[in-house]
Amino acid sequence: MTKLAIFDLDHTLLPIDSDYEWGQFLVRTGAVDPVEFKRRNDDFFEQYKAGTLDPVEYLEFALGTLARYPRTQLAAMQEQFMAEVIRPAIRDCARDLVRKHQEAGDLVCIITATNRFVTEPIAREFGVEHLLAAEPEIDEQGNLTGRLLGPHTSGAGKVTHMHAWLERLGHEFGQFESTHFYSDSHNDIPLLSVVSHPVATNPNAALMRHAQAQGWPLLHLFND
């Protein structure tokens, strides 16, 4: 195994933002107060797009909504979300991109700022074993507490988490013959800047400008 392929998730492998859509799902199913939750969720989403989001503040807001429910109920909500929102959104071109790296024998990982509760079933849907995501704290009964465990996985935090993950596997970043990272967002420039093959995938305007200035390749999976 001499090559590493890392993927961002939202707007990279998915044409939607799974975190935002989870919030919309909670509103639609009556799991949260529709007016107040939608207002806060929309505010956080605008901050994310502007690059001003406080990731810890947002994550503890999102995880706090999950902490209201026992794990068994959350599991049912999770499967409904996958069936109604995520699976219909996944495009064959995204599956094919991941599969290309898997079939080449690359070490494949998804790294996302979205929390593990939302993203773990999505990583499984793509057949990806390794997921680095915001980790929710879990109590002795297996229920979510609403707090974030450890540092967040956004911006430069993705670089930190990647190195720690590789160390746990007994690898070093420098040992790989090539390293790919696919992302849509300027927030991921820190990790894009350290890999040998950065790919601006469905890039937002800020990343598009940066990628063109750096001569990075552009990939548009979702042209519609």
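Quick caveat: nothing in here was measured; it's all calculated off a predicted structure.

Regarding its fold elements, the chain presents 9 helices and 7 strands. Since a compact globule built from 224 residues should have a radius of gyration of about 17 Å, the 17 Å found for the chain is in line with a globular shape. Principal-axis analysis of the C-alpha atoms gives the chain an extent of 50 × 35 × 30 Å. For the chain, buried positions account for 50% of its 224 residues. Within the chain, contacts between residues at least 6 apart in sequence are counted, and of these 59% link residues at least 24 apart. For the chain, the computed accessible surface area is about 10400 Å², with 50% contributed by carbon and sulfur atoms. Within the chain, one finds 19 positive and 32 negative side-chain charges whose respective centroids are separated by 3 Å.

Attention shifts here to the nonpolar core. Formed by 49 residues in total, the largest nonpolar core has its most connected members in Phe 7, Trp 22, Ile 86 and Phe 126. The dominant element in this core, judged by the number of residues it contributes, is helix H4 (residues 71–89), at 7 residues. Once residues lying within four places of it in the same chain are set aside, the contact partners of Trp 22 are Leu 66, Met 77, Gln 78, Phe 81, Phe 117 and Val 118.

Not every positive phi belongs to a glycine, and His 11 is a case in point at roughly 65 degrees. Positive phi is not limited to glycine here, since Asn 202 has a value of about 50 degrees. The buried category is assigned to Asn 202, whose relative accessible area is 15%.

Moving on, we get to the pairing of strand E2 (residues 107–115). Burial of E2 is extensive: 8 of the 9 residues sit out of reach of the surface. As paired strands, strand E1 (residues 3–7) and E2 are joined by 4 bridges and run parallel to one another. Along E2, the bridge assignment pairs Ala 5 with Val 108. One ladder, built from 4 bridges, connects E2 with strand E3 (residues 130–138); its direction is parallel. Bridging from a neighbouring strand, Asn 115 pairs with Ala 134 of E3. Crossover handedness for the path E2 to helix H6 (residues 116–125) to E3: right-handed.

Before going further, it helps to examine the environment of Ala 206. Within the element layout of this structure, Ala 206 appears in helix H9 (residues 205–214). Remark: the alpha-carbon pair of Ala 206 and Gln 47, spanning 159 residues in sequence, is separated by 14 Å.

What follows is about the pattern of salt bridges. Across all of its chains, the model carries 12 salt bridges by this definition. Between Glu 120 and Arg 116 there is a salt bridge; the shortest N-O distance is 3.3 Å. Taken as a pair, Glu 120 and Arg 116 lie in helix H6 at a separation of 4 residues, close to a single helical turn. Overall, the relative accessible area of 34% leaves Glu 120 in the partly exposed class. Put simply, Glu 79, Arg 87, Arg 95 and Glu 125 are held in one network by salt bridges that share partners.

Below, the discussion takes up the packing of aromatic side chains. Tallying each qualifying case throughout the model produces 10 aromatic pairs. When the centroid spacing of 5.2 Å and the interplanar angle of 40 degrees are considered together, the rings of Phe 44 and Phe 61 count as tilted. Residue Phe 44 is located in helix H2 (residues 34–50), and its partner Phe 61 is located in helix H3 (residues 55–66); the two are separated by 17 residues in the primary sequence. Phe 61 gets classed as buried once you look at its relative accessible area, which sits at 12%. An aromatic cluster is built from Trp 22, Phe 25, Phe 81 and Phe 117, whose rings are joined through pairwise contacts. Between the NZ or CZ atom of Arg 95 and the centre of the ring of Phe 126, over which it lies, the distance is 6.0 Å.

Definitions and limits used
- Residues numbered from 1 in each chain as written.
- Predicted model: local features only at pLDDT ≥ 70, side-chain atom pairs only at ≥ 80, totals over all residues.
- Heavy atoms only, no water.
- Helix = DSSP H or I, 4+ residues; strand = E, 2+ residues; numbered from the N terminus.
- Rg over C-alpha atoms; globule rule 2.2 N^0.38 Å.
- Buried < 20%, exposed > 50% of the residue type's maximum accessible area, 1.4 Å probe, protein only.
- Contact = heavy atoms within 4.5 Å.
- Areas by Shrake-Rupley, 256 points an atom, 1.4 Å probe, with all protein chains shown as cover.
- Lys, Arg positive; Asp, Glu negative; His and termini not counted.
- Charge placed at Lys NZ, Arg CZ, Asp CG, Glu CD.
- Core = buried A, V, L, I, M, F, W, Y, C linked by side-chain atoms within 4.5 Å.
- Pairing = 2+ DSSP bridges.
- Right-handed = clockwise from strand over helix to strand, strands pointing away.
- Salt bridge = Lys/Arg side-chain N within 4 Å of Asp/Glu carboxyl O.
- Phe/Tyr/Trp six-rings, centres within 6.5 Å; stacked < 30°, edge-to-face > 60°.
- Lys NZ or Arg CZ within 6 Å of the ring centre and 35° of its normal.

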